[in-house]
Amino acid sequence: MALPYLTLRTRTEHETEVKRSRFICAMAPAGSAEEAAEFIAERRRLHQGATHNCTAYVVEQRLQKGDDDGEPGGTAGTPMVQALVGRGFNDVVAVVTRYFGGVLLGAGGLVRAYGSAVTETLDRVEPVRMVPARLVRVSVGHEQAGRVENDLRVSAYPVREVSYGGEVSFSVAVGEDEVASFTEWVATLTAGRATVDLGAEIHVPES
């Protein structure tokens, strides 16, 4: 069963210092591994002179990846991923840029520094809570399509796509706990003439 999660509304950045080493954490929303890779590449270009650009991302509630970028194995990417997951975040990428300050931190110190860089940045973001939903396809005859579309557009259910063929079909995002009431609403609106099919599980921002 799909569960709610938190994600970012916008990009954010926060800097910390540990024993003269600078740790700059930048985060962004990322709905795919490709989007995460683009953000990581952008940050590495921006901080080409940094000692390390360590990365972590969590997407689609299942794909988790961390990269130590030359730091001792398991001291950067893993604690960064754990910080994101531990706070319940998903569809997000984080890059922690380190400028070495001349003092070795040791394995434990690195784990704390990279983990804290992420958690302190999360403390400063404006999270968006995403809740489970379904894509529901509503198909009606052309004679009803105009009224149905108008009513959908002013409803609380976002229309994702409209397709035209023998019938007009609307792909609508409906909260998981609202599917039954939405189906009843459509039946009333169309005098029972609409076809309603349940599609993929998705997440939508909590209203």
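Residues numbered from 1 in each chain as written. Predicted model: local features only at pLDDT ≥ 70, side-chain atom pairs only at ≥ 80, totals over all residues. Heavy atoms only, no water.

Here we come to the overall build of the protein. Scanning the protein from N- to C-terminus turns up 5 helices and 10 strands. By the compact-globule yardstick of 17 Å for 207 residues, the protein is too spread out, its C-alpha radius of gyration being 22 Å. Overall, the protein is about 75 × 30 × 25 Å in size when its C-alpha atoms are taken along their principal axes. Relative to its 207 residues, the protein shows a buried fraction of 46%. Counting only contacts in the protein whose residues sit at least 6 apart along the sequence, the fraction spanning at least 24 positions is 71%. (Helix = DSSP H or I, 4+ residues; strand = E, 2+ residues; numbered from the N terminus. Rg over C-alpha atoms; globule rule 2.2 N^0.38 Å. Buried < 20%, exposed > 50% of the residue type's maximum accessible area, 1.4 Å probe, protein only. Contact = heavy atoms within 4.5 Å.)

This part is about the pattern of salt bridges. Inspection of the entire model under this criterion finds 12 salt bridges. Here Asp67 ties to Arg44 by a salt bridge, and the two come within 3.1 Å at their closest N and O atoms. Taken together, the residues Asp67 in strand S5 (residues 63-67) and Arg44 in helix H1 (residues 33-46) connect sequence positions 23 residues apart. A relative accessible area of 31% means that Asp67 is categorised as partly exposed. (Salt bridge = Lys/Arg side-chain N within 4 Å of Asp/Glu carboxyl O.)

Turning our eyes to something else, we now look at the packing of aromatic side chains. By the definition in use, this model includes 4 aromatic pairs. For the pair Tyr157 and Trp185, a centre-to-centre distance of 5.9 Å together with 45 degrees between the ring planes defines the contact as tilted. Linking Tyr157 in the loop between helix H4 (142-153) and strand S8 (159-164) with Trp185 in helix H5 (residues 179-189), this pair joins segments that are 28 residues apart in sequence. When its relative accessible area of 29% is taken as the criterion, Trp185 is described as partly exposed. On the numbers, 5.9 Å between centres and 40 degrees between planes, the contact of Phe182 with Trp185 is tilted. Within this pair, Phe182 and its partner Trp185 are both found in helix H5, separated by 3 residues, close to a single helical turn. Put simply, the rings of Tyr157, Phe182 and Trp185 touch in pairs and so form one group of aromatic residues. (Phe/Tyr/Trp six-rings, centres within 6.5 Å; stacked < 30°, edge-to-face > 60°.)

In terms of nonpolar packing, the biggest core is built from 24 residues, with Phe23, Met27, Met80, Leu84, Val96, Tyr114 and Val118 touching the most fellow members. Those elements that place two or more of their residues in this core are strand S3 (21-29), strand S4 (52-59), helix H2 (77-86), strand S6 (92-99) and helix H3 (106-122). With 6 residues, H3 is the single largest residue contributor to this core. Beyond its immediate sequence surroundings of up to four residues, Leu84 is in contact with Met27, Ala56, Tyr57, Val58, Phe89, Val92, Ala94, Val118 and Leu122. Within the second largest apolar cluster, 17 residues are counted, among which are Val159, Val168, Leu189 and Ala194. (Core = buried A, V, L, I, M, F, W, Y, C linked by side-chain atoms within 4.5 Å.)

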